[in-house]
Amino acid sequence: MDKKILLVEDNPDDEMLVMRALKKANVFNEVTVAHDGAEALDYLFGTGDYAGRDITDTPAVTLLDLKLPKIDGLGVLRKIREDERFRNLPVVILTSSREQEDIIKSYELGANSYVRKPVEFNNFADAVRQLGLYWLVLNEIPPSQR
Amino acid sequence: MADKKNRDQKNNLETENSVTLLSVNDWFHLLVQNINSYAVFLHDPDGRINYWNPGAEQIFGYRSEETVGQNISMLYPKEEAGAGIPQREMKLALTPGRAEVEGWRLRKDGSRFWAEVSIIALHDQEHHLLGFGKIIRDATERRNADNSLKKSRTMFERLFENAPDAIIVVDSRGVIRKVNQQVEPFFGYLREELLGQRIEVLIPKRYHQIHRQHRKNYFADPRTRKMGAGLELYGRTRDNREVPVDIMLSPIETDEGTWAFAVIRDVTQRKQDEQAITELNDLLKRQVHQLAATNRELEAFSYSVSHDLRAPLRALDGMSLALLEDYSDKIDTTGQNYLNRIRTAAQTMGELIDHLLTLSRLTRTEMHLEEVDVSGMGRQVAEEIRQQNPDRIVDFVINDEMMEMADPKLLRIAITNLLSNAWKFTSKKDNARIEFNVEESPDGERIYYIRDNGAGFNEEYIDNLFKPFQRLHAVGEFPGTGIGLATVHRVISRHGGRIWAEGGIDTGATFYFTLAPS
């Protein structure tokens with residue numbers, strides 16, 4: 001029962017930094033990266049490039065950026081929550097924005113958590129480490145549909 | 001026996017005659033004695049009074065003992081007696097036998113009254129002048145009434161003539177009977193050209209029929225009212241120009257029946273003004289919409305900025321650190337220094353972006369005013385600062401009773417900035433003291449102030465204090481982007497208040513502010 005991480009991030013620099021931070025935090029769980037909203041949904045629903053994937057194998061946590069091409073973060077979140085199977089999927093919004101409307105909308109649409117990406121890397125790494133520690137170790141994931 | 005009877009009869013006859021004669025005299029005497037509202041008296045041709053009735057006593061105030069035997073000149077005001085008025089009046093009545101005059105008379109108490117006098121020349125059977133009889137009525141009241149009426153009429157005529165509006169009087173058939181001065185320049189006709197004309201001559205042709213009907217209706221129930229309520233009325237001038245007008249109608253009773261007064265005002269200007277106001281309002285509405293649109297654009301812009309500008313900064317910082325960590329053996333001290341500077345620069349820019357966003361949001365946010373416990377807010381902020389910097393001990397002195405109408409969110413930002421600044425600039429002092437208090441000015445204004453005993457600032461540069469990004473200290477001395485005070489200034493401005501500062505080098509700084517327009 002390997003806990004997986006789904007990282008939905010379009011910015012390659014940010015992707016690299018998240019991976020680096022996870023490594024620094026000794027989080028060696030498998031990370032799948034979706035580079036836009038459509039790809040994220042393909043992964044979760046087992047469509048497109050991910051057709052045939054066992055979708056009951058849900059990620060222990062999804063790190064979701066808000067600004068994404070094709071379908072943006074909130075759109076992905078809405079689609080995830082609309083589906084019975086993914087109603088309880090832990091989703092952490094990890095984003096640059098601190099705009100009130102984003103935070104409010106995210107929680108309204110059912111995000112579990114909202115974390116801001118700081119500019120300074122060590123702070124960023126710290127945030128990632130805490131996230132990893134919490135969602136992968138401490139938090140009880142919802143019983144999967146297996 | 002017959003003689004006695006005759007004598008008796010004769011006596012009786014005489015008695016009867018004398019009784020009859022006496023009766024007639026007595027009757028007249030009785031009559032005149034009982035006339036109270038008229039003064040009736042007799043005097044000889046020289047003016048000596050020989051009879052004075054009770055009416056005369058009442059009207060003049062003299063008893064007959066005081067007047068009989070005296071001259072009538074005592075009954076006139078001194079200057080008239082002196083001017084020979086009494087004699088002139090007698091002369092006036094002599095030839096025709098009687099005269100009616102009016103004039104002033106003098107009462108016993110010295111007061112005057114206006115007299116209506118009938119003078120009758122009395123002659124005996126041989127046409128010798130016996131004297132004059134005078135019947136006098138106190139006509140003061142009537143004269144006053146006449147004068148008032150005259151004054152009234154004059155005043156009315158003047159008002160009518162000189163009124164700033166055109167006034168036209170029409171009879172029940174719509175014929176113009178009277179016009180005032182203003183009518184001439186207003187309509188371009190001479191008075192004479194209009195008198196006797198139908199009022200329709202001053203109305204555009206297309207309204208004639210309906211106006212005739214309105215006229216009939218008006219005279220059926222004439223009341224003071226505005227004509228054509230809700231309608232656009234027009235007058236027509238001699239040169240066929242149409243003038244927009246307001247008309248007030250009033251009925252007036254005359255000997256020839258009910259007429260109507262029309263007061264006519266040119267409302268061209270007012271209509272133009274109304275048009276201008278409508279246009280201005282439309283312009284205002286458009287501008288308000290544009291403003292709202294601009295605000296929304298700004299909103300969207302800020303949003304983009306907050307996302308898109310931060311990402312590359314993260315990369316700058318993160319990659320530089322990655323280099324430092326992974327290639328430390330391949331990069332010398334100088335190189336590492338450069339990388340550190342890159343990191344600092346990126347982080348500073350991040351802060352700047354945050355501050356700019358806050359500043360811009362401050363202007364656009366709606367203000368919600370409520371009673372705010374300023375003291376409580378101050379204590380909370382002080383506590384937050386303390387917790388973020390547990391290694392320092394600073395003495396906070398905060399007044400307990402500060403309350404003010406303000407926007408709590410915005411005020412918190414301002415207070416946080418000011419107290420953080422005070423905290424920052426006292427970092428090199430051992431016994432740092434920060435005071436947050438309020439004082440009342442002579443004209444009842446509440447002036448808040450935050451005072452510290454820290455590094456202060458050079459008052460020479462005070463003009464730049466509140467400008468965004470302007471700093472009065474080097475970054476090495478005290479960190480910061482220089483946007484804090486600009487933010488505070490924005491908050492205070494939005495409350496309608498003022499902010500100013502005093503300081504000295506190393507003698508601390510005091511920031512004063514008000515939260516309401518003075």
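As shown above, the structure is provided for reference.
Because the structure is a prediction, the values reported are computed rather than measured. (Residues numbered from 1 in each chain as written. Chains lettered and ligands numbered in written order. Predicted model: local features only at pLDDT ≥ 70, side-chain atom pairs only at ≥ 80, totals over all residues. Heavy atoms only, no water.)

## Quick look at the overall build of chain B
Summing up its helical and strand segments, chain B has 15 helices and 18 strands in all. Within the span of chain B, comprising 518 residues, buried residues form 37% of the whole. For chain B, restricting intrachain contacts to residue pairs at least 6 apart in sequence, the fraction spanning at least 24 positions comes to 52%. As displayed, chain B has an accessible area near 31200 Å², and 53% of this comes from carbon and sulfur atoms. (Helix = DSSP H or I, 4+ residues; strand = E, 2+ residues; numbered from the N terminus. Buried < 20%, exposed > 50% of the residue type's maximum accessible area, 1.4 Å probe, protein only. Contact = heavy atoms within 4.5 Å. Areas by Shrake-Rupley, 256 points an atom, 1.4 Å probe, with all protein chains shown as cover.)

## A look at the packing of aromatic side chains
Residues and elements named next belong to chain B. As enumerated under the stated definition, the model contains 19 aromatic pairs over all chains in all. With centroids separated by 5.0 Å and ring planes inclined at 40 degrees, the aromatic side chains of Phe-41 and Trp-52 adopt a geometry described as tilted. Residue Phe-41 is found in strand 1 (residues 39–43), and its partner Trp-52 is found in strand 2 (residues 49–52); the two are separated by 11 residues along the sequence. With a centroid separation of 4.7 Å and 40 degrees between ring planes, the pair formed by Phe-186 and Phe-187 is classed as tilted. Owing to a relative accessible area of 13%, Phe-186 belongs among the buried residues under this scheme. (Phe/Tyr/Trp six-rings, centres within 6.5 Å; stacked < 30°, edge-to-face > 60°.)

## Observations concerning the interface of chain A and chain B
Contact with chain A, which involves 23 residues of that partner, is made by 24 residues of chain B. At the boundary of chain A with chain B, total buried surface from both sides reaches about 2000 Å², with 51% on carbon and sulfur atoms. Of all residues in chain A, A:Lys67, A:Glu99 and A:Val119 bury the most surface against chain B, accounting for 32% of the area lost on that side. Here chain A is connected to chain B by seven salt bridges. In this assembly, chain A and chain B are joined by 11 residue pairs in polar contact (both at pLDDT 80 or more). Residue assignment for the side of chain A that touches chain B shows that the elements contributing at least two residues are helix 1 (12–24), helix 4 (100–108) and helix 5 (121–138) of chain A. Element by element, the count of residues in the side of chain A that touches chain B is highest for helix 1 of chain A, at six residues. A class-by-class count of the residues in the side of chain A that touches chain B yields six nonpolar, five polar and 12 charged. (Buried area = accessible area lost by both parts, 1.4 Å probe. Salt bridge = Lys/Arg side-chain N within 4 Å of Asp/Glu carboxyl O. Polar contact = N/O pair within 3.5 Å; in protein donor to acceptor, adjacent residues only side chain to side chain. Nonpolar A, V, L, I, M, F, W, Y, C, P; charged D, E, K, R; others polar.)

## Examining the pairing of strand 4 (residues 112–123) of chain B
Residues and elements named next belong to chain B. Relative to strand 4, strand 3 (residues 98–106) runs antiparallel, the two sharing nine bridges. Following the sheet pairing, Glu-102 is matched in strand 4 by Glu-116. Between strand 3 and strand 4, which pair antiparallel and follow one another directly, the connecting turn spans five residues, one of which, Gly-110, has a positive phi of 90 degrees. Note that strand 4 and strand 5 (residues 129–138) share nine bridges and pair antiparallel. When the bridges of strand 5 are listed, Ser-118 appears paired with Ile-135. Between strand 4 and the antiparallel strand that follows it, strand 5, lie five residues; His-127 among them carries a positive phi value of about 60 degrees. (Pairing = 2+ DSSP bridges.)

## Describing unusual backbone geometry
Residue and element names in this part refer to chain B. One non-glycine residue with positive phi stands out, namely His-127, at about 60 degrees. Structurally, His-127 can be placed in the loop between strand 4 and strand 5. Assessed through its relative accessible area of 66%, His-127 is described here as exposed. One non-glycine residue, Asp-506, lies in positive phi territory at about 65 degrees. Looking at the element boundaries, Asp-506 is found in the loop between strand 17 (499–503) and strand 18 (509–513).

## Side note on the nonpolar core
All names here are of chain B. Counting 39 residues, the largest nonpolar core has Phe-436 and Phe-511 as the members making the most contacts within it. The element contributing the most residues to this core is helix 14 (residues 408–425), with eight residues. Residue contacts for Phe-511: discarding those within four places in its chain leaves Leu-418, Tyr-448, Tyr-449, Ile-450, Phe-457, Leu-465, Phe-466, Leu-485, Trp-500 and Ala-501. (Core = buried A, V, L, I, M, F, W, Y, C linked by side-chain atoms within 4.5 Å.)

## Examining the pairing of strand 11 (residues 257–266) of chain B
Residue and element names in this part refer to chain B. Where strand 6 (residues 166–170) meets strand 11, five bridges bridge the pair, whose relative direction is antiparallel. Bridging from a neighbouring strand, Ile-168 pairs with Ala-262 of strand 11. One ladder, built from 10 bridges, connects strand 10 (residues 242–254) with strand 11; its direction is antiparallel. Bridging across to strand 11, Val-245 finds its partner in Asp-266. Connecting strand 10 to the next strand, strand 11, in antiparallel fashion are two residues.

## Some thoughts on the packing of helix 1 of chain A against helix 11 (residues 310–326) of chain B
Interaxial distance between helix 1 of chain A and helix 11 of chain B falls to 9 Å at its minimum, and their mutual angle equals 45 degrees. Taken together, the axes of helix 1 of chain A and helix 11 of chain B lie oblique to each other. Of the two possible hands of crossing, helix 1 of chain A and helix 11 of chain B adopt the one that is left-handed. Counting all contacts with helix 1 of chain A, which are made through A:Asp13, A:Asp14, A:Met16, A:Leu17, A:Arg20 and A:Lys24, the residues of helix 11 of chain B involved are B:Ala311, B:Arg314, B:Ala315, B:Gly318, B:Met319, B:Leu321, B:Ala322, B:Glu325 and B:Asp326. Its residues assigned to classes, the contact of helix 1 of chain A with helix 11 of chain B comprises seven nonpolar, one polar and seven charged. (Axes fitted to C-alpha atoms, helices over the stretch in contact; angles between N-to-C directions. Parallel < 35°, antiparallel > 145°, perpendicular 65-115°, else oblique. Left-handed = near helix turned anticlockwise from the far one by under 90°.)

## Side note on the packing of helix 10 (residues 268–308) of chain B against helix 11 of chain B
Residues and elements named next belong to chain B. Contact geometry for helix 10 and helix 11: axes closest at 4 Å, N-to-C directions at 15 degrees. With respect to helix 11, the axis of helix 10 lies roughly parallel. Along its contact with helix 10, which presents Val-305, Ser-306, His-307 and Asp-308, the element helix 11 presents Arg-310, Ala-311 and Pro-312. Partitioned by chemical class, the residues of the contact of helix 10 with helix 11 number three nonpolar, two polar and two charged.

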